[in-house]
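Here is what each chain is made of, one letter per residue.
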Amino acid sequence: MNAPIIDPLQGDFPEVIEEYLEHGVMKCIAFNRRGTLLAAGCADGSCIIWDFETRGIAKELHDKDCVAAITSVCWSKDGHCILVSAADKSLTLWDVVSGEKITRTTLQQTPLQARLHPGSAKSLCLACPLSSAPMIVDLNTGSTTVLPVSVSDTGAGLPPPSRNKFSDGSPPFTPTAACFNKYGDLVYVGNSKGEILIVDHKNKQVRAVVPISGGSVIKNIVFSRNGQYLLTNSNDRTIRIYENLLPLKDGLKVLDELSTSCDEVDEAEKLKAVGSKCLALFREFQDSITKIHWKVPCFSGDGEWVVGGSASKGEHKIYIWDRAGHLVKILEGPKEALIDLAWHPVHPIVVSVSLTGLVYIWAKDYTENWSAFAPDFKELEENEEYIEREDEFDLMPETEKVKDTDVNEDDEVDIMTVENESVFSDSDMSQEELCFLPAVPCPDVPEQQDKCVGSTSKLTDSNHSGSPLSEEAGQNGQAMNHASSPVEEDTGGTRLKRKRKPSEKGMELQAEKVRKPLKTMKSSGKISKIKNKPVLEQDTDSYVFADDVTDEYH
Amino acid sequence: MASGGGGSNPLPYRPYRLLRTLAAHDRAVSCVKFSSDGTLLASASLDKTLIVWSSQTLTLKSRLVGHSGGISDLAWSSDSHYICSASDDLTLRIWDAQSAECVKTLRGHTDLVFCVNFNPQSNLIVSGSFDETVKIWDAKTGRPLHTIAAHSMPVTSVHFNRDGSLIVSGSHDGSCKIWASDTGALLKTLIEVNGPAISFAKFSPNGKYILVATLDDTLKLWNYSTGKSLKIYTGHVNKVYCIASAFSVTYGKYIVSGSEDNCVYVWDLQGKNPLQKLEGHTDTVISVSCHPNENKIASAGLDGDRTVRIWVQDT
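Definitions and limits used
- Residues numbered from 1 in each chain as written.
- Chains lettered and ligands numbered in written order.
- Predicted model: local features only at pLDDT ≥ 70, side-chain atom pairs only at ≥ 80, totals over all residues.
- Heavy atoms only, no water.
- Helix = DSSP H or I, 4+ residues; strand = E, 2+ residues; numbered from the N terminus.
- Contact = heavy atoms within 4.5 Å.
- Areas by Shrake-Rupley, 256 points an atom, 1.4 Å probe, with all protein chains shown as cover.
- UniProt positions renumbered as here; feature names shortened; annotations may be inferred.
- Buried < 20%, exposed > 50% of the residue type's maximum accessible area, 1.4 Å probe, protein only.
- Arc of directions from axis to C-beta.
- Pairing = 2+ DSSP bridges.
- Axes fitted to C-alpha atoms, helices over the stretch in contact; angles between N-to-C directions.
- Core = buried A, V, L, I, M, F, W, Y, C linked by side-chain atoms within 4.5 Å.
- Disulfide = S-S within 2.5 Å.
- Polar contact = N/O pair within 3.5 Å; in protein donor to acceptor, adjacent residues only side chain to side chain.
- pLDDT = per-residue confidence, 0-100.

Visitor: Got a minute to help me understand the overall build of chain A in this structure?
Guide: When helices and strands are counted, chain A shows 8 helices and 28 strands. When contacts within chain A are restricted to residue pairs at least 6 apart in sequence, long-range pairs at least 24 apart make up 53% of them. Roughly 26300 Å² of accessible area belongs to chain A as shown, and the carbon and sulfur atoms make up 51% of that amount.

Visitor: Can you walk me through the UniProt feature "repeat: WD" (unreviewed entry) in chain A in this structure?
Guide: Residues and elements named next belong to chain A. Annotation from UniProt places "repeat: WD" (unreviewed entry) at residues 26–60 and 70–104. Across residues 26–60 one finds 0% helix and 63% strand; the C-alpha atoms that close the span lie 13 Å apart. Taken end to end, residues 70–104 comprises 0% helix and 66% strand; its first and last C-alpha atoms sit 14 Å apart.

Visitor: Can you help me understand helix H2 (residues 267–276) of chain A in this one?
Guide: Note that an α-helix has 3.6 residues per turn; residues three or four places apart therefore point the same way. Residues and elements named next belong to chain A. Every buried residue of H2 is listed here: Leu 271, Val 274 and Gly 275. Along the axis of H2, the buried positions cluster into a sector of 105 degrees, meaning they face one direction only. Contacts made by the buried residues of H2 are with strand S17 (205–211), helix H1 (251–261) and strand S21 (279–285).

Visitor: Looking at this structure, how should I read the sheet that holds strand S11 (residues 124–129) of chain B?
Guide: Sheet strands line up and pair through hydrogen bonds in the backbone, either parallel or antiparallel. All names here are of chain B. With antiparallel pairing, 4 strands are arranged side by side in an open sheet as S10-S11-S12-S13. Only two strands of the sheet have a single partner each, and these edge strands are strand S10 (113–118) and strand S13 (144–149). Each neighbouring strand pair of the sheet contributes to a mean axis angle of 15 degrees, computed without reference to strand direction. Sheet topology places S11 next to strand S12 (residues 133–138); 5 bridges connect them, and they run antiparallel. Bridged to Leu 124 within S12 is Asp 138.

Visitor: Can you help me understand H1 of chain A in this one?
Guide: Residues and elements named next belong to chain A. Those residues of H1 lying buried are Gly 251, Leu 255, Leu 258 and Ser 259. Looking straight down H1, one finds its buried side chains confined to an arc of 100 degrees; they lie on one side. Facing away from the buried side of H1 by more than 90 degrees, the exposed set consists of Thr 260 and Ser 261. Where H1 is buried, its residues meet strand S15 (186–190), strand S16 (195–200), S17 and H2.

Visitor: Mind showing me how you'd approach the nonpolar core here?
Guide: Inside soluble globular proteins, nonpolar side chains tend to come together where they are buried. Residue and element names in this part refer to chain A. Formed by 20 residues in total, the largest nonpolar core has its most connected members in Tyr 188, Ile 196, Leu 230, Leu 255 and Cys 278. Contributions of two or more residues to this core are made by strand S14 (177–180), S15, S16, S17, strand S18 (218–223) and H1. In this structure Ile 196 touches Tyr 188, Val 189, Ala 208, Val 209, Val 210, Ile 212, Ile 218, Ile 221, Leu 230, Thr 232, Tyr 242 and Leu 279, once residues within four positions along its chain are discounted. Ala 39, Ala 58, Val 96 and Leu 434 belong to the second-largest nonpolar core, a separate cluster that totals 19 residues.

Visitor: Can you walk me through the UniProt feature "repeat: WD" (unreviewed entry) in chain B in this structure?
Guide: Residues and elements named next belong to chain B. This chain's UniProt record puts "repeat: WD" (unreviewed entry) on residues 22–54, 64–105, 106–147, 148–189, 191–232 and 233–277. Segment residues 22–54 splits into 0% helix and 61% strand. End C-alpha atoms: 11 Å apart. A helix fraction of 0% and a strand fraction of 57% characterise residues 64–105, whose end C-alpha atoms lie 13 Å from each other.

Visitor: Can you walk me through unusual backbone geometry in this structure?
Guide: Leaving glycine out, the prevailing phi sign among residues is negative, and the prevailing peptide bond configuration is trans. Although it is not a glycine, Arg 55 of chain A sits at a positive phi angle of roughly 55 degrees. Among the secondary structure elements, Arg 55 of chain A is positioned in the loop between strand S4 (47–51) and strand S5 (56–61). Arg 55 of chain A sits in the buried class, given a relative accessible area of 11%. Of note, Leu 58 of chain B is a non-glycine position whose phi angle comes to about 60 degrees, a positive value.

Visitor: Can you walk me through the state of the cysteines in this structure?
Guide: The term disulfide refers to a covalent linkage connecting the sulfur atoms of a pair of cysteines. Here the structure, examined in full by the defined rule, presents 0 disulfides over all chains. With no disulfide of its own, Cys 128 of chain A has Cys 179 of chain A as its nearest cysteine by sulfur position, at a separation of 8.7 Å. Note on Cys 128 of chain A: relative accessible area 5%, which makes it buried. The closest cysteine sulfur to the non-disulfide-bonded Cys 176 of chain B is located on Cys 115 of chain B, 11 Å from its own sulfur.

Visitor: Got a minute to help me understand the side chain of Asp 305 of chain B in this structure?
Guide: All names here are of chain B. Positionally, Asp 305 belongs in the loop between strand S27 (296–301) and strand S28 (307–313). What makes Asp 305 buried here is its relative accessible area of 10%. A polar side-chain atom of Asp 305 sits 2.8 Å from a polar atom in the side chain of His 281. Discounting residues that sit within four places of it in the chain, Asp 305 has contacts with His 281, Thr 282 and Asp 283.

Visitor: Just to check I follow, could you spell out the confidence of the model for chain A for this structure?
Guide: The predicted coordinates ought not to be read in detail in places where the model reports low pLDDT. Residues and elements named next belong to chain A. Model confidence for chain A is summarised by a mean pLDDT of 73, while 69% of its residues fall at 70 or above. The secondary-structure element of chain A with the lowest mean pLDDT is helix H5 (residues 490–503), recorded at 35, while strand S3 (residues 37–42) shows the highest, at 93. In the model, residues 154–171 has pLDDT below 50 throughout and makes 21 contacts with residues more than four positions away in sequence or in other chains. Note that residues 448–554 has pLDDT below 50 and, in this model, 171 contacts with residues that lie over four places away or in other chains.

And the structure:
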């Protein structure tokens, strides 16, 4: 992005619902690394990939074997693959460009969350099943490695499903949360005793323990994108932010050093001592008034903001804090429970999924930038006193203001070098990152009037759609003969509107039909958004009718 | 050979010469563009057709028929499969370059559509029109995503920057505006008080500068973030038509432009005076395009000429 006039990270937060996406019932969402594509897992087992720029469907991943609801979606770092976990206990790895399944594994239990290893191999993933310990699954072989979830598990590695209790007799299992650190060499597990375990997943060893005060069950554990901060969401209705003290790479080596240098004899105490050097509690967030439980908390792309959804049913509330702990905004949507949340990796945009299956896109309220209208316009915070020069209003005939030649011909201009975007400079991938899916223009329905002499679109069912159309043509003869510019006339508009019906049978229009009409939402600020936009025409109005093209004809 | 400015190209200038003249249009040729991969060349004409040529053999591959009005501009998608054309019949059409069929028609403008461009991802199309608006379309569905009331006079030129985040639009009202492509918000205005009409504007390959042509025989290179013009190129004639220019970066860095004195002008990027005048056309050279990989220039002439000429460097 061009830094000079757009700040790529903008450091701001969304305020109003900008749009919503509708296609079936979506359950979970994930942005690709650059935020250009949004993958959404649906209740019918398919996965939809939205082109976030055009807000249209770029691809649909269907598998006739899998019809169970998707529980989580995860992109690979290079954007070429998506890992999907479903309610039928399966994990499927898809290739995005071809839309083909790469591999599918079935586990013993439904995984609630599945995350691909951040490395380039794409064969390992971390799955958190419904009611047993998180495990590393090798997608190629299907083998699973259960991770220890408690200090007493160190080295044991017993198979999960039959065990319902810890060996020390604590109450039965509740789901644990786990995530990879930035480079995937360590797994951070949050268990039901309120402890964060740093696990070396290759050797299945717990290397450090960080207990959380209060010891309540940890429901979510998430790293920020840059790997510097860790977030936990506990049953005590508190979100905690920890600073990661380990280096991003070579964490294991540092853990080894800490271990050997630690004097503690007792294993458990030793792990806690090491743990205290790995994570430092930074902040706690809670809503002390309503004391709501939190759901799906996460960081913003730059880690400056923390966002969490309210777990209360019947309300769709999103809380945004800055990392220092101040609550900056509460976004309130229509009264539907929130089931998933994601912050755009780059823009100040938040996407939330409601229980009804709609995906809401929250963005900044548009305010006119007045200094953009003329080169010398400058927006002032407050009135400035202007003191004119002594000779400001004098007439000076000879000394014409010398026009600065703003052209210094001696300076060399470089039109080719591109600066690396600092936002994505952590890319160390060898393979080219997939940012966009090719947009293949969907063929138009063949038009009745002879405007397009010699050009036919490639719609396979053009014959099929031809007949109902000609019937309507017969009825409204005069409308059809409007071969002149498709402007203004309502009849012209109606003609096109009718054309939509037969074309809905076309397969590509399934995507069109469900692309979002923009309903006027009652959320705060939306009305003011329309008022503040003198320059832009109200495209919002034209999208009220789902497939209507009429409103474009002004 | 005029001297360049301070910093000179490390490579000595090698003059271009005429390789071939392609005559296949019945009316003025309005635009000529090489495809992004360089294998094809497309030309658009007031005779309401577009022609796709092979840029290797320079033979006619197909003719795209369908518009009911003359075509003013065309653009290639990044994968070189699709061409979008802007026409006087108020529509834009997306053509499949291989099959020569019209895939989509984009309707919405209320006056002739003058300029068009794809974004690098090729999922968006931007168009500028005599109805003074700039429209951003979804290339896949043909839906207009944004309509921007951009200028107070016809929009003569629209272009996306390197990563597709910005759009520059130039207009006869003398202003050059930069828009955010995701929201349609105005980010910057470059305007000279009582300045001349802007006939053409495009981003440099790295997206940092804008090359702006004005109807006072001048081409300027602006740094839009500071709002200062850095380079000025003169010597050609441009008072009436919206003449397209191009950056030539395959061998040294040059600016190439058409002119109303029937020549193609080549300047050193750092310089001021033209390095070469390519003669051969018999009417105004309205459009030039540089091949992405080879040292080849294509140029198009108006009604008195109706040809596309290909120029290569002497070996």
